[in-house]
Amino acid sequence: MTTPSIRRLRILDSHTGGEPTRVVLDGMPDLGPGSVADQLARFRNQYDTYRSAIVNEPRGSDVLVGALLVPPSDPTCVCGVIFFNNVGYLGMCGHGTIGLMVTLFHLGRIQPGTHRIETSVGIITATLNPDGSVSVANVPSYRKQKAVPIQVPEIGTVHGDLVWGGNWFFLVDSDRWELDLKQIDTLTEVTWRIRKAVNAQGYPEVDHIELFGPPQNPKAHSRNFVLCPGKAYDRSPCGTGTSAKLACLAADRKLEENAEWIQESILGSQFRGSFQWLDRTARTISPRVTGTAFVTGEATLLLNAEDPFCWGIRT
């Protein structure tokens, strides 16, 4: 029996409001110089099998979000990060950034305070607060179109807002579907149908669908159900989704600048959001989202080239 060739990837897992993040610390191939966007392009084009190996079964699951630490091109940044999931790559990830900050603190790489992080869609700032929570100042967010009518097979016409919050969202006020954990299967099927219809009817860039309804916790302002690109639902209130919601509230003048908005997830976990105007005419805001994360495990992934499922199970 020959000794197999094994590559070792060191990881640290956390969850933010129930949504897991897997930070890859080392062991990956060198992605070369340049910005995080440049490195992401090489990751996607040359090493996508590693993405699948890290987050797909048998090592991961559909809900898992990966965060690869890479060198930043901007020396003022504490790190660069590439976010990815079971089907591809994410421009930004709010819950993942919160998990990343708690991970960096766990490793002793940062202390409480404000830190700059380079992502593939721009530099963000994140603050590790003294109480252990993390406040993320997300990328500029805005609503591109309001109340877009979409004809969804077996459902009918659905109206939603097309919004950028670091990822592209289609936001729908849910008055037809109960946003309760017992309805996960129904909510997943409904939002998947909506996404396919949105993509087919002229908006292929949309990869997140977000339903909103009344909260169950009286201290919250809204409850959401977010379908992520790979058909898994977000266990957290979704950081980029909360940013998208804040952009809509700002554009509709339903929330004042710096006022707090408490967003509740389908699990009942909460993010606290607020915004500042960047451009009132263009309705562009700087959103701020605060949440908590907890480290759940440290491990070394073993990639054995002789394993038929070494590079993950792809569906």
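Our subject is the structure listed above.
Below is a short write-up of the structure. On a predicted model such as this, the values are computed, not experimentally measured, just so you know.

## Some thoughts on the overall build of the protein chain
(1) Moving on: Scanning the protein chain for helices and strands turns up five helices and 17 strands.
(2) Moving on: Taken against the 2.2 N^0.38 rule, which gives 20 Å for 315 residues, the C-alpha radius of gyration of the protein chain at 19 Å falls within 12% of a compact globule.
(3) Moving on: Each of the three principal axes of the protein chain carries a C-alpha extent, and together these read 65 × 45 × 35 Å.
(4) Moving on: Restricting the contact set of the protein chain to residue pairs at least 6 apart, pairs at least 24 apart contribute 62%.
(5) Moving on: Here the protein chain contributes 30 positive and 32 negative side-chain charges, whose respective centroids are spaced 2 Å apart.

## Brief notes about the pattern of salt bridges
Pairing is possible between side chains of opposite charge, provided their charged atoms come close.
(1) Moving on: A full pass over the atoms with the stated rule returns 14 salt bridges.
(2) Moving on: D252 is the salt-bridge partner of R143, the closest N and O atoms lying 2.8 Å from each other. Of this pair, R143 sits in strand β9 (residues 141-152) while D252 sits in the loop between α5 (239-251) and β14 (261-264), and the two are 109 residues apart along the sequence.
(3) Moving on: The class for R143 is buried, based on a relative accessible area of 15%.
(4) Moving on: A salt bridge links D252 to K146; the shortest N-O distance between them is 3.1 Å. Here D252, found in the loop between α5 and β14, pairs with K146, found in strand β9; they are 106 residues apart in sequence, far enough to count as distant.
(5) Moving on: For D252, a relative accessible area of 25% puts it in the partly exposed group.
(6) Moving on: Where salt bridges share partners, they join R143, K146, D161 and D252 into one cluster.

## Regarding helix α1 (residues 36-46)
(1) Moving on: Burial in α1 covers these residues: V36, Q39, L40 and F43. An end-on view of α1 places all buried positions within 105° of arc, on one side of the element. Among the exposed residues of α1, those oriented more than 90 degrees off its buried face are N45 and Q46.
(2) Moving on: Those residues of α1 hidden inside the fold are in contact with α2 (48-55), β3 (65-70), β4 (79-84), β5 (89-90) and β6 (113-119).

## Comments concerning the pairing of β14
(1) Moving on: Neither face of β14 is exposed, since W261 and Q263 on one face and I262 and E264 on the opposite face are all buried.
(2) Moving on: At this point the chain moves from strand β13 (residues 222-227), through α5, to the parallel β14, and the crossover so formed is right-handed.
(3) Moving on: The pairing of β14 with strand β15 (residues 270-279) spans four bridges and is antiparallel. Opposite W261, over in β15, you have G273 as the bridge partner.
(4) Moving on: The hairpin formed by β14 and β15 contains five residues between the paired strands, and G268 there has a positive phi angle of roughly 100°.

## Here's the deal with the packing of α1 against α2
(1) Moving on: Two elements in contact, α1 and α2, have axes whose closest approach is 5 Å; the angle formed by their N-to-C orientations is 85°. Classified by the angle between their axes, α1 and α2 sit roughly perpendicular to one another. Of α2, the residues touching α1 (which contributes F43, R44 and Q46) are D48, Y50 and R51.

## Considerations on the environment of L40
(1) Moving on: Topologically, L40 is positioned in helix α1.
(2) Moving on: Separated by 28 residues in the primary sequence, L40 and L68 have C-alpha atoms spaced 9.7 Å apart.
(3) Moving on: If we skip the residues at most four places from it in the chain, L40 touches I82, Y89 and S120.

## A few points about the packing of aromatic side chains
(1) Moving on: Enumeration according to the criterion identifies nine aromatic pairs in this entry.
(2) Moving on: Consider the rings of F225 and Y233, whose centres lie 5.7 Å apart with planes at 25°: the pair is stacked.
(3) Moving on: Assessed through its relative accessible area of 1%, F225 is described here as buried.
(4) Moving on: Here Y233 falls in the buried class, since its relative accessible area comes to 12%.
(5) Moving on: Here a set of aromatic residues connected by ring pairs shows up, and it is made of F43, F84 and Y89.
(6) Moving on: The aromatic ring of F212 is capped on one face by K245, whose charged end is 4.3 Å from the ring centroid.

Rules used in this analysis
- Residues numbered from 1 in each chain as written.
- Predicted model: local features only at pLDDT ≥ 70, side-chain atom pairs only at ≥ 80, totals over all residues.
- Heavy atoms only, no water.
- Helix = DSSP H or I, 4+ residues; strand = E, 2+ residues; numbered from the N terminus.
- Rg over C-alpha atoms; globule rule 2.2 N^0.38 Å.
- Contact = heavy atoms within 4.5 Å.
- Lys, Arg positive; Asp, Glu negative; His and termini not counted.
- Charge placed at Lys NZ, Arg CZ, Asp CG, Glu CD.
- Salt bridge = Lys/Arg side-chain N within 4 Å of Asp/Glu carboxyl O.
- Buried < 20%, exposed > 50% of the residue type's maximum accessible area, 1.4 Å probe, protein only.
- Arc of directions from axis to C-beta.
- Right-handed = clockwise from strand over helix to strand, strands pointing away.
- Pairing = 2+ DSSP bridges.
- Axes fitted to C-alpha atoms, helices over the stretch in contact; angles between N-to-C directions.
- Parallel < 35°, antiparallel > 145°, perpendicular 65-115°, else oblique.
- Phe/Tyr/Trp six-rings, centres within 6.5 Å; stacked < 30°, edge-to-face > 60°.
- Lys NZ or Arg CZ within 6 Å of the ring centre and 35° of its normal.

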